[in-house]
Amino acid sequence: MAKVLSMILAGGEGSRLYPLTQSRTKPSVPFGGSYRLVDCVLNNFVNSSLLRIYVLTQFKSQSLNEHLNKAWALNSITDTFIDAIPAQMRTGKHWYSGTADAIYQNLQFIESDEADLVCVFGSDHIYKMDIRQKITFHQKKEAVLTVSAIRLPKEQAYHFGIIEVDDEGRMVGFAEKPSVEDAKTIPGDPDHVLASMGNYVFDSKALQAELIRDAADENSTHDFGKDIIPHLYPQGKVFVYDFTTNTIAGEENRETYWRDVGTLESYWEANMDLVKSEPAISLYNRKWPMHTHYPALPPASFRDSDQFICTIRKSLISDGCHISGATIKKSVLGFNCSVGTNTNVYESILLGNIKIGSNCILTKVIIDKDVHIADNVQIGVNLEQDRKCFTVSDEGIVVIPKGARIGF
């Protein structure tokens, strides 16, 4: 197997997830009760035995750096590492101007390495991938670049790079975020497009040469989707990896799952996917463990009160939570949450360290950390009233910012 160096792009500002990104970078946003968004891609690499990883950070990176130090510090094994690399402005006094520029500004790490291949992956998608299988595909095709792709409904085309491919898997067309009307659909399937998943395997030498060429182009936006891929694919050495062919040990019969969590709605939906009767993605596969940092907290506690029975249905409850005579349905609770008597929580996400009083109703609410809600508060019941105080998405999701005090 070729020697592989991995670069994870984790500097995203995540403006569409505001206010969850008010004080943290997008990859650091909690997910699924016990995890952060960045944990998904890191687990893919670690479970694929690819343990030479640079995590490139930029905006509001403190909480992300703390999480990486606690959860992903490797022992001093020769030539294995998961290192956070902050934006250092080595090529000039400016932040990363695009995804390709982020790699270019850290080109010295690639130049000094003896890797044959470089993986460049984003950090804000929810999925499982055995990356070794993609690397094998890349090597068999003798590709310069291999791009992962997934079939999506045509109406989502404007969010993604849309791919055309020939019978051999070679990319023969690419459009970055086209309009729905202009998006090329899959032959024989006018309702779907083939979308780039935003993760790449490059030949190391070819990547270095392409980044240097692109950096010298004053008309470039220095982005993989807008500039690098359109320049490379006409040369005939860019191939497309069909994500649906990827199999995970212990989950051979499960359909592949991938979700971009770039908006409040998609973030909420991805969490709700975890509490379905048949979750779309499993957190319990021992052959593909989902690692993260677990703080020193006691087990979750569920107790009836004198008048009310504690009811938990289709929910994920993390360590340190204390539920007393409350009803929790289709919800995800992060570490150290407390819910009082006769409170109803439905289709909601609590990110952690939250205290909710008695006789409350919370419906389709995302609550950031360190929030304290008094007794008799209702959120998500009257959206017009909620809009006066909170962020409410077009789909009716109410978001409570970090540290808020409500009803006092």
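These figures come from a predicted structure and were not determined experimentally.

Caption draft 1: How the structure looks around the overall build of the protein. Looking only at helices and strands, one finds nine helices and 30 strands in the protein. Taken over the C-alpha trace, the protein has a radius of gyration of 22 Å; the compact-globule value for 408 residues is 22 Å, and the two agree within 12%. Along the three orthogonal principal directions, the C-alpha set of the protein runs to about 70 × 50 × 45 Å. Scored against the burial criterion, the 408 residues of the protein give a buried share of 54%. For the protein, the computed accessible surface area is about 18,400 Å², with 47% contributed by carbon and sulfur atoms. The distance from the centre of the 41 positive side-chain charges to the centre of the 50 negative ones in the protein is 5 Å.

Caption draft 2: Examining the sheet that holds strand β21 (residues 344-346) more closely. Taken together, five strands build an open sheet; the order of strands is β15-β18-β21-β24-β27 and the sheet is parallel. The outermost strands of the open sheet, each flanked by one partner alone, are β15 (311-313) and β27 (378-379). With three bridges connecting them, strand β18 (residues 327-329) and β21 associate as parallel partners. Paired with Ile-328 across the two strands is Val-345, which belongs to β21.

Caption draft 3: Focus on helix α6 (residues 204-215). When the terminal C-alpha atoms of α6 are compared, their 17 Å separation across twelve residues agrees well with the 16 Å that a helix rising 1.5 Å per residue should span. Buried residues of α6: Ser-204, Leu-207, Gln-208, Glu-210, Leu-211 and Asp-214, and no others. Where α6 is buried, its residues meet α3 (99-104), α4 (107-111), β6 (117-122), β11 (192-203) and α7 (224-232). The residue sitting at the N-terminus of α6 and contributing the capping side-chain oxygen is Asp-203; that oxygen lies 3.3 Å from the backbone nitrogen of Lys-205.

Caption draft 4: Quick look at unusual backbone geometry. Cis geometry is adopted by the peptide bond preceding Pro-19, which originates at Tyr-18 and carries an omega value of 10°. Residue position: Pro-19 is located in the loop between β1 (4-9) and β2 (30-31). A positive phi angle, close to 60°, is found at Ser-49, a residue other than glycine. Its place among the elements puts Ser-49 in the loop between α1 (37-47) and β4 (52-57). Even without glycine at this site, Asn-342 takes up a positive phi of about 60°. Within the secondary structure layout, Asn-342 lies in the loop between β20 (338-339) and β21.

Caption draft 5: Structural detail: the nonpolar core. In terms of nonpolar packing, the biggest core is built from 64 residues, with Leu-42, Phe-45, Tyr-127 and Tyr-267 touching the most fellow members. Membership of the second largest hydrophobic core comes to 35 residues, among which are Met-7, Phe-81, Met-171 and Val-238.

Caption draft 6: Layout of the pairing of strand β8 (residues 145-153). Taking burial as the measure, the nine residues of β8 include seven buried ones, the bulk of the element. Note: β8 against β11, eight bridges, orientation antiparallel. From the neighbouring strand, Leu-145 faces β11, where its bridge partner is Phe-202. Here β8 pairs with strand β12 (residues 238-242) via five bridges, running parallel. Bridge pairing links Thr-146 to Phe-239 in β12.

Caption draft 7: Spotlight on the side chain of Arg-52. Turning to its location among the elements, Arg-52 is positioned in strand β4. Among the polar contacts made by the side chain of Arg-52, one reaches the side chain of Asp-79 at a distance of 3.2 Å. At 2.4 Å, the side chain of Arg-52 forms a polar contact with the side chain of Asp-113. Ignoring any residue separated from it by four or fewer positions in sequence, one finds Arg-52 in contact with Lys-3, Val-4, Leu-5, Ser-6, Asp-79, Thr-80, Phe-81, Asp-113 and Ala-115.

Caption draft 8: Highlighting the pairing of β11. Counted residue by residue, β11 has ten buried out of twelve residues, so it is predominantly covered. Relative to β11, β6 is paired through five bridges, and the arrangement is antiparallel. Bridged to Cys-119 within β11 is Val-201. Here two bridges tie strand β9 (residues 161-165) to β11, and the two strands are oriented antiparallel to one another. Within the sheet, the bridge partner assigned to Ile-162 lies in β11 and is Ala-195.

Caption draft 9: How the structure looks around the sheet that holds strand β23 (residues 355-356). Read from one edge to the other, the open sheet built from six strands follows the order β14-β17-β20-β23-β26-β30, with strand pairing classed as parallel. Each of the sheet's edge strands pairs with one partner strand only, and the pair in question is β14 (301-303) and β30 (405-406). Bridge analysis of strand β17 (residues 322-324) against β20 gives two bridges, and the strand direction is parallel. Paired with His-322 across the strands is Ser-338, a residue of β20.

Caption draft 10: Geometry of helix α5 (residues 131-140). Buried residues of α5: Ile-131, Lys-134, Ile-135, Phe-137 and His-138, and no others. For α5, the angular spread of buried residues about the axis comes to 160°, placing them on one side. Tucked into the core, α5 has its buried residues touching β1, α1, β6, β8, β11 and β12. The residue sitting at the N-terminus of α5 and contributing the capping side-chain oxygen is Asp-130; that oxygen lies 3.2 Å from the backbone nitrogen of Arg-132.

Reading the values: rules and limits
- Residues numbered from 1 in each chain as written.
- Predicted model: local features only at pLDDT ≥ 70, side-chain atom pairs only at ≥ 80, totals over all residues.
- Heavy atoms only, no water.
- Helix = DSSP H or I, 4+ residues; strand = E, 2+ residues; numbered from the N terminus.
- Rg over C-alpha atoms; globule rule 2.2 N^0.38 Å.
- Buried < 20%, exposed > 50% of the residue type's maximum accessible area, 1.4 Å probe, protein only.
- Areas by Shrake-Rupley, 256 points an atom, 1.4 Å probe, with all protein chains shown as cover.
- Lys, Arg positive; Asp, Glu negative; His and termini not counted.
- Charge placed at Lys NZ, Arg CZ, Asp CG, Glu CD.
- Pairing = 2+ DSSP bridges.
- Expected span 1.5 Å × (residues − 1).
- Contact = heavy atoms within 4.5 Å.
- Polar contact = N/O pair within 3.5 Å; in protein donor to acceptor, adjacent residues only side chain to side chain.
- Core = buried A, V, L, I, M, F, W, Y, C linked by side-chain atoms within 4.5 Å.
- Arc of directions from axis to C-beta.

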